[in-house]
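Structural description and commentary
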Amino acid sequence: MATPQHAIAKADEALLAELGYKQEFKRAFTPSEVFGIAFSIIGLLPSIASVLFYAVPNGGPASMVWGWAVASLFILCVGMSMAELGSAAPTSGGLYFWTHSLSSPRCRNLLAWIVGCKTVMVILTSRDSNTIGSIASVASIDWGCAVQIMAAVSIGSGQTFIPTSAQTFGVYVAIVLSHAVICCLGTAVLARLQTFYVIINVGLCLAVTVGLPAATSKANMNSASYALGNFTNLNGWPDGYAFILSFLAPAWTIGAFDSSVHISEESSNAATAVPWAIVSAIGIAGILGWAINVSLAFCMGTNMDSLLTSPAGQPMAQIFFNSFGRNGTLVLWSFVVLAQYMMGSSMVLASSRQTFAFSRDGALPFSSFLYRMNSFTKTPVNTVWFVAVISIILGLLSFAGAQAINAIFALSVTGLYIAYSIPIIARFVFKNNFRPGPFNLGIFSLPVAVIAVSYMIIMDIVFFFPTTPQTNVPNMNYTVVVLGGILFLSILWYYCPMYGGVYWFTGPVSNIEKASDQSASSIRGSVEKNVQGDVREVPARA
């Protein structure tokens, strides 16, 4: 008699076959571990530390607290729309697979190409939207970790040490390479690590939320009216626009939640585990992140200029230093760095799976080399190192100045938001036979999707603007240049005479000839056995 676990495994394999792919990964991720990778990539406290400099000058305490609350609700709408797609078709290809399945035959190949390139290209910072967003996410996360390590060195030296770009880049390279080594391990090892990552992240959030107010002196403790109502605009934009600019902090922090989709072929009960991992990770991050920002707003003092110009290079590190002193800050900051490091390893894992899926369909350079499974670890080792190398190349932008590296942070949001928007729009705009999985918003699907897409379009436009209205060449926001260049090269490559993707790219390519009758019967409903057909329904659960 088949056990429930065996029945779930067979249903997962049958659904993947319906989507056109054979089972190549070991399904070692439990539902809680699928949540773990989404939540660990969000990495609340270290993420907030990395991008707090976006909120502090654009409204101060009020933007930190209420900007986070408002943006979190919009991000939850994005997550719910994504969760519906992930529940209907849980495959590592994720966004680009959904785009091709739901779009019109007239434009599906081009749209899938763009989305695929942005996913792998923020990774490569090259051609497709979701790929771009993923790799840029790796670069921005690991760069944030390097900056946090150098901040610890600065604090340990009594703030006499000021790191150079070369020193920070050297630490960054070491971090990326170590993550590549970790992500070459077997799937079971990587899955078990997620539980540890969640414990560290939640423990850190609680420690700061409770411990920071207890350790802050009365001189640095702000009143409720200041912490919750003071709006200090240091950058010169109109107050309303400055408030919206502060959204980059929560948008970057609560981002890359589609990572759980990219490990769906390694997940047990993927059609249910993946969507709930997305929604629960966003929801919990929104609540805990708001609590952290409230705690910081009460304990940051009133001199925001000193936070932004601190020798430590990080506003949060300076807040900790003011409250905990040198030794206490170093202890707490070491855990912040650890959480950020774990966040980076999870992002490399997800990015490598997305790259693997795209190369599986022959859509990347050297796809035949990238689409290989290591015989010993049963993981795509080649794509792991591909992501690492491209991330290191992206890190070289640090030598172009602070605005260039900040563009990577913004690019990881704008690139992913473009990739997120396209399949959501395709679902409702094009004629298709989308059939939802276990996670379904019902009549609320369209209103939530409209809110989600509207928010992402507005944020993409906002994040193209410079930090201040009075800007010059060194201080310009180059996100639009980098993203626009990537999109231009992506489309140019697609239409390149003789060699372009228009001549050979056909979207997802099935690597299984035909699902067996037994597999087909376990899929609820009758659907075509064509990977270029509609997004499939989920398997029936016994």
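Quick caveat: nothing in here was measured; it's all calculated off a predicted structure. (Residues numbered from 1 in each chain as written. Predicted model: local features only at pLDDT ≥ 70, side-chain atom pairs only at ≥ 80, totals over all residues. Heavy atoms only, no water.)

Here's the deal with the overall build of the protein chain
The line we're drawing: Each helix is a run of H or I in the DSSP string that is no shorter than four residues. Each strand is a run of E no shorter than two, and both are numbered from the N terminus. Exposed residues in this analysis have more than 50% of their type's maximum accessible area, buried residues have under 20%, and partly exposed residues fall in between, with area computed by a 1.4 Å probe over protein chains only. The criterion used for residue contact is that any of the two residues' heavy atoms lie within 4.5 Å. The method behind every accessible area is Shrake-Rupley, applied with a 1.4 Å probe, and residues are considered shielded solely by the protein chains displayed.
When helices and strands are tallied, the protein chain shows 22 helices and 2 strands. Split into buried and exposed, the 542 residues of the protein chain put 59% on the buried side. Across the protein chain, the fraction of contacts at a sequence separation of at least 24, relative to all contacts at a separation of at least 6, is 79%. Per element, the accessible surface of the protein chain, about 19,300 Å² overall, is 68% carbon and sulfur.

Here's the deal with helix α8 (residues 165-182)
For clarity, the threshold we go by: Between the first and last residue of a helix there are one fewer steps than residues, each counted as 1.5 Å, and that sum is the expected span. By construction, the arc corresponds to the directions joining the helix axis to the C-beta atoms.
With 18 residues, α8 ought to run about 26 Å at 1.5 Å a step, and its terminal C-alpha atoms sit 26 Å apart, in line with that. When α8 is considered as a whole, its buried residues turn out to be T168, F169, Y172, V173, I175, V176, H179 and A180. The buried residues of α8 all sit within an arc of 165° when viewed along its axis, so they share a single face.

Brief notes about the confidence of the model for the protein chain
Our working definition: For every residue, the predictor reports its confidence as pLDDT, a number between 0 and 100.
Mean pLDDT for the protein chain: 81, with 88% of residues reaching 70 or above. The least confident element of the protein chain is helix α22 (residues 517-521), whose mean pLDDT is 34; the most confident is helix α4 (residues 61-88), at 95. Within the model, pLDDT remains below 50 along residues 122-133, and this stretch shows 107 contacts once partners closer than five positions in the same chain are excluded. Within the model, the stretch residues 514-542 combines pLDDT values under 50 with 81 contacts to residues more than four positions away or in other chains.

A few points about the nonpolar core
Applicable threshold: Residues grouped as a nonpolar core are buried Ala, Val, Leu, Ile, Met, Phe, Trp, Tyr and Cys residues, joined through side-chain atoms within 4.5 Å.
Counting 146 residues, the largest nonpolar core has L44 and L296 as the members making the most contacts within it. Ranked by residues supplied to this core, first place goes to helix α16 (residues 315-360) with 16 residues. Setting aside its immediate chain neighbours within four residues, L44 contacts F39, W68, N201, C205, T253, A285, L288, G289 and I292.

Digging into the pattern of salt bridges
What counts, and what does not: Salt bridges are identified by distance alone: a Lys or Arg side-chain nitrogen within 4 Å of an Asp or Glu carboxyl oxygen.
A complete count under the given rule lists 2 salt bridges for this structure. A salt bridge links E84 to R427, with the nearest nitrogen and oxygen atoms 2.8 Å apart. On the criterion of sequence distance, the pair formed by E84 in helix α4 and R427 in helix α19 (residues 402-429) is long-range, its members being 343 residues apart. Like R427, E84 is buried. Ionic pairing is found between R353 and E266, a salt bridge with its closest N-O pair at 2.9 Å.

Some details on the environment of F376
Considering the arrangement of structural elements, one finds F376 in the loop between α17 (367-370) and α18 (381-395). A relative accessible area of 75% means that F376 is categorised as exposed. Considered as a pair, F376 and L185 are 191 residues apart in the sequence and their alpha carbons are 9.4 Å apart.

Quick notes on the packing of aromatic side chains
Rule in force here: Each pair of aromatic rings taken from Phe, Tyr and Trp, with Trp reduced to its six-membered ring, is defined by centres within 6.5 Å and is described as stacked if the planes are under 30 degrees apart, edge-to-face if over 60, and tilted in the remaining cases.
All told, the structure shown has 24 aromatic pairs when counted by the stated rule. Taking 5.7 Å as the distance between ring centres and 70° as the angle between the ring planes, the aromatic pair formed by W113 and W504 counts as edge-to-face. Of this pair, W113 sits in helix α6 (residues 108-124) while W504 is found in the loop between α21 (479-494) and α22, placing the two residues 391 residues apart along the sequence. Summarising the aromatic geometry, the rings of F356 and Y371 are spaced 5.1 Å apart at their centres and angled 55° between planes, so their arrangement reads as tilted. Of this pair, F356 sits in helix α16 while Y371 is found in the loop between α17 and α18, placing the two residues 15 residues apart along the sequence. In this structure Y371 comes out as partly exposed when scored by relative accessible area, which is 26%. The rings of W113, W493, Y494, Y495, W504 and F505 are connected pair by pair, giving a single aromatic cluster.

A look at the environment of G442
Mapping G442 onto the fold places it in the loop between α19 and α20 (445-462). Sequence separation between G442 and E84 is 358 residues; the distance between their C-alpha atoms is 9.9 Å.

Quick word on the side chain of Q340
You can see Q340 is positioned in helix α16. The residues touching Q340, leaving out its near neighbours within four places in the chain, are P46, S47, S50, I141, G144, C145, Q148 and W252.

Let's talk about the side chain of D460
Considering the arrangement of structural elements, one finds D460 in helix α20. What makes D460 buried here is its relative accessible area of 9%. Not counting chain neighbours up to four residues away, the residues in contact with D460 comprise V413, T414, Y417 and I418.

A closer look at α4
Spelled out, the test is: Bend angle per residue: angle between axes fitted to the 7 residues ending at that residue and the 7 residues starting there.
Taking 1.5 Å of rise per residue, 28 residues should cover 40 Å, and α4 covers 41 Å from first to last C-alpha, within 8% of that figure. The sharpest bend along α4 reaches about 30° and sits at G67. The buried count for α4 comes to 22 of 28 residues, which makes it a mostly enclosed element.

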